[in-house]
Every structure is written in structure tokens, then in C-alpha cells.
Amino acid sequence: MTILLAFAFVSGLITIFAPCIWPLLPIILSSGATGGHRKAFGITLGLMISFAVFTLTLSYIVSIIPFDPSSLRYVAVVIIGFLGLTLLVPKLSQLLEGYVSRFSGKVGLKQQQNDSFSSGLLTGATLGIIWTPCAGPILATIATLAATQAVNFQLVLVTLAYVTGVGIPLFIFTILGQRLFTRTRALNKYTGRIQQIFGLIMILTALTIATNYDKVLQVKLLDAFPSYAQFINDLESNDKVQTELNKLKGNNTTDAEMRFPSSKGELENFGPAPELTGISGYLNTDGKPVTLAELKGKVVLIDFWTYTCINCIRTLPYVTSWYEKYKDDGFVVVGVHTPEFVFERKQENVEAAIKQYNITYPVVQDNDYETWNAYENRYWPAHYLIDAKGNIRYVHFGEGSYDVTENAIRTLLEEAGNDLTGSKTDMPDEARNTARTPETYLGYARARYMADPSQFKSGTNNYTYPAEIPINTFAYEGQWTVDDEFSKAGEGAHLKMHFQANNVFLVMHPPEGKSVDVRITLDGKPISAADAGADVKDGIITITQPDLYEIVRIEGETSNHILEIKFLDDGAEVYAFTFG
């Protein structure tokens, strides 16, 4: 954690050189030039506090008090414009000071001068609302975790380290500006005119913010100075920082891993298996309930899965083959279907998946996550192997290690007194070890990989592609309605995904009673038949039911590509990408 805090501080420290902060510097310089040290400190502290608070808490505030967060930008525009107007029109400034003086006298407060700390604090707090820094890996992690309401104490510390780094050079810049204009004799006689020029600059800046041209300006500046972004990424992308960022994002040891550490095939005794609880439906059981108490004496494999999870789907051929091979030897598989998305709760959808994947063992619906929580599980898929006495003896998370899992099944069956004469299942382990894009959620609650997190907001909005879509990120264009679990496309809307994988799958849901066509392009060209997934016909996917659709299937070595999906009709809901 110390390493991450140090790098966050250094990243903030060099932000003064970032093109993204340059549009704000005239405002900071003008405010500092018209005040003293107290005002300079107020500007710096106001920006630090405002940026940190709104970055970390805005998603929580919006969830409690629903409002459009973009309205804060317009409040900032009014304040900046008004402050600029007071500099441009000295009489207005005098009039304002008169009102403030009379109000202060009535309420018994000591009047604050224009160069006071409180005046600077207001200016800085306003700038903190509208400032969007050039995001490297550290700041991108802060933004995405805050947007998904995954704020914790460590994230707060990293944010404080970053804004502290920002504050130091910003304060120095403000003080230098103040000294330049107050101690340079050649400029002294033009102080009034300089203030008016700065006032005009502040008004023009407010207008660029109101029209969102400040974002365009930032992109142009980054394009003009690409070395800065590259420098930040190189600085923050070392292995130690990435390890700490993964921990910050929760990609470290979980409750389940602590309780059930990997045994690498060596059978252990983790104690009695929790009972199946909170089950809302029983499938492949003729409607009869399934309990572990009734299955005692058999070897049981609990398979946590959900039917749109590609990692789960890739494990199913192994799980179903084990069941068919060993069911007569006292082996039972219980598929615990715990849904990721609302539509996965529907029994008819689960039944269709069971038929599609030739699942003949019992499947129970854990719609309320009660069994999931009883096992302290965090993964799809997850396998918990239970011996004939009812104890958990082996656990495996994710894909792979099929040979190890089958060996564990055979060992426990032999422990239970079964004489296994047949050989093991002859199926290749197809789990990939190559690096690939992580699972990517497209709903507001869990989205982490937006190319431009500042655009992504709940509700119906119009989107434009950012200038660049980095690897492992997505972006929208056109009208999209963003919900907690999914995003709904308007007619003609586009979705781009920059991925590293051979296979791309997307969970999609059509409008009720309708089908939707989507057109697929890969790397800027209509997808070829050779690269098209099983659900693509002549470059088109027709979404007829809520399901996991295979979009891309590329043979050969894993490489980077840009996938674009155009929605020819409106109303389609997209939930999550998975990659293989």
C-alpha cells in the first residue's frame, strides 16, 4: 500500500505539467494574482477538497438524492462567470462588497476581504467540480471504483495522496503568479487592466465549460502532447503498482479463498458443507427438493454457475461428462444457479439453458444468493467437492484443472467404498493461459472499464466516442439508457470494445415480444465469415431472446482488435462482455 500511495502522490505532483489542467491555469493565476497568500492557499485547498469529495461520493449522493450530476458543472459555470464579471467590471465588485459588508454587519460577522481565504476556497471548490484530470491507471482505478460505489478506506487514502501531490505545485504556481503581478514594477500601473483581462478569460472559460468545449480542448492538447500520457502510463504501469491496484479493486484474496485455499489436488477437510438454503426452484428433480442431508453417503459436486457466464459454459462439458461417467458409482452433481442479472432469475430461461447444454443432473435456483452466501462464494464458476460424510474436501474456482478435479472425485468415490474400474474422462483441458480482456459489465453498478468514465452516467443520455479507446475498455455512441445492470441502446446506437482475445461473447436481451438486429464490424471492416461467431449471419446478429451471443471467433494467436456493434433497432439491452 505504501508503494501505491507514493506513486499516487508523484502522479499528482506532476499533474501541473498535464495538458488537462492547462485550461484551468488562467483562472487559478487570475485569482491568485488578485489576492495574497491566504487566497492562494484557499484556492489550492478548495480544489483538493472539492475534487476528492465529489470523486469519491458523487455516486452515493446520486443514489440517495436522484439528480443529474452534470447540473454541478452548470453551477460551477455560473460561479466562474460571475467571478470573472466582478473582475471585468470593477463597479460590480464594489457593489458586491457593499452587500457582503452590510450582510456581515447584520449577522455579526467580520467582513472578509476580496483576497481572503474564503474567497479563494470558493474559487478552488468550483474548479474541483469541473476538473477532469488526464487519467493514468491509478486515477482511472479511483474513478471507476467510486463510480461503482466500491469506496473503501484504502481508496480514500490513495485519493488523498493524489490530491496532496496536486496541491503542492498548484500552490507554488499560485504564489508565483501573485508575486509576479504585485512585485513587478512594470506591471503595477496596469493592475486594473490586467484584472479585467483575467476577468474576460474567466468568462470565456466558463463558456467553454458550458458548451463542453473544454473536453474538446483537453483532447486536442493531449493529442498535441502525447508524451505526457505515455509517461504517466509508463510510470504507473510497473508490476508493483499493478499488484496494489488489483488489491484495491478487490482482485485479491477473498473470503472464499481464505476459507478454502487451493489444495492443488491434495484433499483436505474444510468441515461440514453448508446446506442448500433459500432455493426458489428445483429443476431436473421432478419438482422434488434437493438437500445435502438426503445426499449424505454420496460424493457431491456443488457447481455454482449462471447460464450467461462464458467461463461457466466452458466448464459444463467436463461437469456433465463427470456426472454421466460416475453417477452409477454414487456421484451427484448439484448445479446451483446463482444469477448475475435479473432475467437470469426466470425459471424458463434456466430450463432452456439446461436443455441447450444437455444438463441432466439436479439444478437449484439460488435467486436470493442465500446458498452463495452460505458458502461465502465469490466466483462463477466455483466447484465444491463434498465427501460421503458431508465434508468439503476440495475446492476450485474458475476454469481449468479438470484433470485435478476428476482425480479428487475418483479418490473420494474410492474412499466411500466404490470400485472404479474405468479410465478417466478423455477430454483436453482447453482453459487458456494467455492474457485476455477481463469480463466487462455494461450496467452502471459494476461498470469499470469505460474509455471515458466522465461520460458514463445513469439515465438516458447521448454519447460520443472519445478520441481514443484504450485496450480493455468500451465506449458508447448515440443514445443510451444506462441502468444498474444493463445499458439499453437507442436506434442507430453504437458500442465499441477494444479487446485482447480470440473469442468475444455478449449477454443481450431484446425488447419484450420483439427481435433486434445488430451489425458487427471488426477493426473497422464488416466482420468476415472466418472471424464471425456462431450467432453472426452475414455480419448480422438477430437478438430473439435473452442469451449469451457469440460475436467473434478468431483462430490463431491472441491479439488486439476493436469490435463495433451497431444497433439497427432500439430497445436492446446489453449486460456484459466475456472473452476467451
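Residues numbered from 1 in each chain as written. Predicted model: local features only at pLDDT ≥ 70, side-chain atom pairs only at ≥ 80, totals over all residues. Heavy atoms only, no water.

Counting its secondary structure elements, the protein chain contains 19 helices and 18 strands. Looking at the protein chain as a whole, 48% of its 580 residues qualify as buried. Counting every atom, the protein chain has about 26900 Å² of accessible surface; 56% of that belongs to carbon and sulfur. (Helix = DSSP H or I, 4+ residues; strand = E, 2+ residues; numbered from the N terminus. Buried < 20%, exposed > 50% of the residue type's maximum accessible area, 1.4 Å probe, protein only. Areas by Shrake-Rupley, 256 points an atom, 1.4 Å probe, with all protein chains shown as cover.)

Atom-level detail of predicted coordinates should not be read off regions where pLDDT is low. Summary statistics for the protein chain give a mean pLDDT of 79 and a share of 76% for residues scoring 70 or more. Counting contacts from residues 252-256, a segment whose pLDDT is below 50, to residues more than four positions away or on other chains yields 13 contacts. Predicted confidence for residues 430-434 stays below pLDDT 50, and this span has seven contacts to residues more than four positions away or in other chains. (pLDDT = per-residue confidence, 0-100. Contact = heavy atoms within 4.5 Å.)

The subject of this paragraph is the environment of phenylalanine 499. Positionally, phenylalanine 499 belongs in strand β11 (residues 494-501). For the pair phenylalanine 499 and isoleucine 562, spaced 63 residues apart in sequence, the C-alpha separation works out to 6.3 Å. Leaving out residues up to four positions away in the same chain, phenylalanine 499 has contacts with Thr437, Ile471, Val504, Leu522, Val552, Ser559, Asn560, His561, Ile562, Leu563 and Phe579.

So, on to the sheet that holds strand β2 (residues 299-305). Read from one edge to the other, the open sheet built from six strands follows the order β1-β4-β3-β2-β5-β6, with strand pairing classed as mixed. Each edge of the open sheet carries a strand with a single partner, namely β1 (281-283) and β6 (392-397). Strand-to-strand, the axes of this sheet are offset by a mean angle of 20 degrees, without reference to chain direction. Where strand β3 (residues 331-337) meets strand β4 (residues 363-365), three bridges bridge the pair, whose relative direction is parallel. Residue histidine 337 lies in a different strand from β4, and its bridge partner there is glutamine 365. (Pairing = 2+ DSSP bridges. Axes fitted to C-alpha atoms, helices over the stretch in contact; angles between N-to-C directions.)

Let us look at the nonpolar core. Counting 60 residues, the largest nonpolar core has Ile302, Phe331 and Val334 as its most contacted members. No other element matches the nine residues that helix α16 (residues 310-326) contributes to this core. In this view, phenylalanine 331 contacts Val299, Leu301, Trp322, Tyr323, Tyr326, Leu385, Ile409 and Leu413; residues no more than four positions away in its chain are not counted. Counting 39 residues, the second-largest nonpolar core is a separate cluster that includes Phe456, Val516, Ile520 and Val552. (Core = buried A, V, L, I, M, F, W, Y, C linked by side-chain atoms within 4.5 Å.)

In this section: the packing of aromatic side chains. A complete count under the given rule lists 23 aromatic pairs for this structure. Ring centres of phenylalanine 304 and tryptophan 372 lie 5.9 Å apart, and the angle between their planes is 90 degrees; on these two criteria the pair is classed as edge-to-face. Taken together, the residues phenylalanine 304 in strand β2 and tryptophan 372 in helix α18 (residues 370-374) connect sequence positions 68 residues apart. The residues phenylalanine 304 and tryptophan 372 share a single accessibility class, namely buried. With centroids separated by 6.4 Å and ring planes inclined at 55 degrees, the aromatic side chains of tryptophan 322 and tyrosine 402 adopt a geometry described as tilted. Of this pair, tryptophan 322 sits in helix α16 while tyrosine 402 sits in helix α19 (residues 402-415); the two residues are 80 residues apart in sequence, bridging distant segments of the chain. Of the residues examined, tyrosine 402 reaches a relative accessible area of 6% and is grouped as buried. Counting every residue linked through ring pairs, the aromatic cluster contains Phe304, Tyr369, Trp372, Tyr375, Trp380, Tyr384 and Phe397. (Phe/Tyr/Trp six-rings, centres within 6.5 Å; stacked < 30°, edge-to-face > 60°.)

Time to look at the side chain of glutamine 365. Here glutamine 365 shows up in strand β4. Not counting residues within four places of it along the chain, the set of residues in contact with glutamine 365 comprises Gly278, Ile279, Ser280, Gly281, Leu283, His337, Arg345, Lys346, Gln347 and Val350.

Time to look at unusual backbone geometry. Comment: phi is negative for the bulk of residues other than glycine, and the bulk of peptide bonds are trans. With a phi angle near 65 degrees, tyrosine 369 is a residue other than glycine that sits in the positive phi range. By the secondary structure assignment, tyrosine 369 is in the loop between β4 and α18. Despite not being glycine, glutamate 376 shows a phi value in the positive range, around 50 degrees. Exposure remark for glutamate 376: the relative accessible area of 28% places this residue in the partly exposed category.

Let us now look at the environment of glutamate 275. Note that glutamate 275 resides in the loop between α14 (255-259) and β1. The exposure class assigned to glutamate 275 is partly exposed, which follows from its relative accessible area of 29%. As a C-alpha pair, glutamate 275 and alanine 374 span 99 residues in sequence and 8.0 Å in three-dimensional space. The residues contacting glutamate 275, other than those within four sequence positions of it, are Thr291, Leu292, Ala293 and Thr371.

Turning next to helix α17 (residues 347-356). When we look at burial in α17, the residues that qualify are Asn349, Val350, Ala353 and Ile354. One side of α17 carries all its buried residues, which in axial view fall inside an arc of 140 degrees. Summarising the geometry of α17, the exposed residues directed more than 90 degrees from the buried face are Glu348 and Lys355. If you follow the buried residues of α17, they end up packed against β1, β2, β3 and β4. Remark: asparagine 358 follows α17 within two positions and exhibits a positive phi of approximately 55 degrees. (Arc of directions from axis to C-beta.)

Okay, the pattern of salt bridges next. According to the stated counting rule, one finds five salt bridges in the structure shown. The salt bridge partner of lysine 514 is aspartate 570, with a shortest N-O separation of 4.0 Å. Within this pair, whereas lysine 514 is found in the loop between β12 (503-509) and β13 (516-522), its partner aspartate 570 is found in the loop between β17 (559-567) and β18 (573-579), the two being separated by 56 residues in sequence. Note that glutamate 550 and arginine 553 form a salt bridge whose closest N and O atoms lie 2.8 Å from each other. What makes glutamate 550 buried here is its relative accessible area of 8%. Through salt bridges that share partners, Asp387, Arg393 and Glu415 make up one connected network. (Salt bridge = Lys/Arg side-chain N within 4 Å of Asp/Glu carboxyl O.)

What follows deals with the packing of α16 against α19. Where α16 meets α19, the axes come as close as 12 Å, and the angle between the chain directions of the two elements is 25 degrees. It follows that α16 is roughly parallel to α19 by the angle criterion. In this structure, the crossing between α16 and α19 has a hand that is right-handed. Counted together, Arg314, Thr315, Tyr318, Trp322, Lys325 and Tyr326 of α16 and Tyr402, Thr405, Glu406, Ile409, Arg410 and Leu413 of α19 form the full contact between these two elements. Of the residues in the contact of α16 with α19, the class split is six nonpolar, two polar and four charged. (Parallel < 35°, antiparallel > 145°, perpendicular 65-115°, else oblique. Left-handed = near helix turned anticlockwise from the far one by under 90°. Nonpolar A, V, L, I, M, F, W, Y, C, P; charged D, E, K, R; others polar.)

When strand β8 (residues 459-463) meets strand β9 (residues 473-482), the two strands line up antiparallel, connected through five bridges. Residue pairing in the sheet places glycine 459 in a bridge with valine 482 of β9. With five bridges joining them, β9 and β11 adopt antiparallel strand pairing. Within β11, the position partnered with tyrosine 476 by the bridge is leucine 495. The antiparallel pairing of β9 with strand β10 (residues 487-489) creates a hairpin that spans four residues between the two strands.

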